[in-house]
Amino acid sequence: MSRKWERMVTKNQKTINNVRKKQGKATIQETAKLKEKDDIIKGRSWMFPSILVFVAVFYFFAYPYGEISRDKWYWITGLSYIALGILMYLVRRPVIRITRTSISLRRFNGDKIVAPHDTEEITLNKGHIVIRLKQKNKKYVYTKLQHRFPMDILNARLREYAIQHKITLKDETV
């Protein structure tokens, strides 16, 4: 950045911070620090990638041997299933982000942001958690076996979140 631009940015930050202090709000730097305190808990999904690898193995063994020759597309198709399975295992991970104001859930179909007033109850267990929503009695289930989350960390943070926002909590970890 040029020096003139930097001076304009710092000048505008000072004026905005002064206005925010008068309103009783946090400054820009304090708000940025609060956003860094979001808990991001990552798991590892293995079921769909293993199905893709199984399909590739099945494709390799179920193909008729004598009738049709195995050309390059035979090998490209099978190896692409295996590569897609490995890529899905390494890249597409289920994530739960717990912020001060919401829970963001990512599974295979995309992100879902759940506000505290939309959450009916949270059930904690050693092997799984269940987040039940008020709308249409929908629930999200995360298991240690399927999603490979560190359940002790996840249970502790969800317990704090439920107490903070007065959400019904069923704690079956004891």
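Residues numbered from 1 in each chain as written. Predicted model: local features only at pLDDT ≥ 70, side-chain atom pairs only at ≥ 80, totals over all residues. Heavy atoms only, no water.

Q: Just give me the short version of helix 1 (residues 3–22), but keep the residues and values in it.
A: Its 20 residues place the ends of helix 1 29 Å apart at the C-alpha level, agreeing with the 28 Å of an ideal helix rising 1.5 Å per residue. Looking one or two places after helix 1, you find Gly 24, whose phi comes out positive at around 85 degrees. (Helix = DSSP H or I, 4+ residues; strand = E, 2+ residues; numbered from the N terminus. Expected span 1.5 Å × (residues − 1).)

Q: Which residues make up a nonpolar patch on the surface, and what values go with them?
A: On the surface, a cluster of nonpolar side chains totalling about 860 Å² of accessible area is made up of Trp 46, Met 47, Leu 84, Ile 86, Leu 87, Tyr 89, Leu 90, Val 91 and Leu 145. Examining the composition of the nonpolar patch, we find that six residues originate from one element, helix 4 (residues 72–91), more than from any other. By the secondary structure assignment, Leu 90 is in helix 4. Look at Leu 90 and you get exposed, because its relative accessible area is 51%. (Patch = residues over 30% accessible without salt bridge, like charges linked within 9 Å, V, L, I, M, F, W, Y side chains within 5 Å. Areas by Shrake-Rupley, 256 points an atom, 1.4 Å probe, with all protein chains shown as cover. Salt bridge = Lys/Arg side-chain N within 4 Å of Asp/Glu carboxyl O. Buried < 20%, exposed > 50% of the residue type's maximum accessible area, 1.4 Å probe, protein only.)

Q: Go over the nonpolar core with me, naming the residues and quoting the values.
A: Among the nonpolar cores identified, the biggest contains 20 residues, and Ile 96, Leu 105, Ile 122, Ile 129, Leu 154 and Leu 158 are the most heavily contacted of them. Of all the secondary structure elements, the ones that give two or more residues to this core are strand 2 (95–98), strand 3 (103–107), strand 5 (119–124), strand 6 (128–133), strand 7 (139–143) and helix 6 (151–165). Top element by residues in this core is helix 6. It accounts for five residues. Apart from the residues lying within four places of it in its own chain, the contact partners of Leu 154 are Ile 41, Ile 96, Ile 98, Ile 129 and Phe 149. (Core = buried A, V, L, I, M, F, W, Y, C linked by side-chain atoms within 4.5 Å. Contact = heavy atoms within 4.5 Å.)

Q: Quick one: what's the story with the sheet that holds strand 6, residue by residue and with numbers?
A: Strand order in the open sheet made by the four strands is 7-6-5-8, with mixed pairing throughout. Strand pairing shows two members of the sheet lacking a second neighbour, strand 7 and strand 8 (168–171), which therefore form its edges. Strand-to-strand, the axes of this sheet are offset by a mean angle of 10 degrees, without reference to chain direction. Relative to strand 8, strand 5 runs parallel, the two sharing four bridges. Bridging across to strand 8, Thr 123 finds its partner in Lys 170. Strand contacts of helix 6: strand 5, strand 6, strand 7 and strand 8, with the helix running at about 145 degrees to strand 5, the strand carrying the most contacts. (Pairing = 2+ DSSP bridges. Axes fitted to C-alpha atoms, helices over the stretch in contact; angles between N-to-C directions.)

Q: Any details on the sheet that holds strand 2? Residues and values, ideally.
A: Note on sheets: strands pair through backbone hydrogen bonds, and any given pair is parallel or antiparallel. Strand order in the open sheet formed by four strands is 1-2-3-4, with antiparallel pairing between adjacent strands. Across the chains shown, the open sheet's two edge strands, defined by having one partner strand only, are strand 1 (39–42) and strand 4 (110–114). Neighbour to neighbour, the strand axes of the sheet diverge by 15 degrees on average, direction disregarded. Relative to strand 2, strand 1 runs antiparallel, the two sharing four bridges. Paired with Ile 40 across the strands is Arg 97, a residue of strand 2. In this fold helix 6 packs onto strand 1, strand 2, strand 3 and strand 4, with an angle of close to 35 degrees to the strand it touches most, strand 2.

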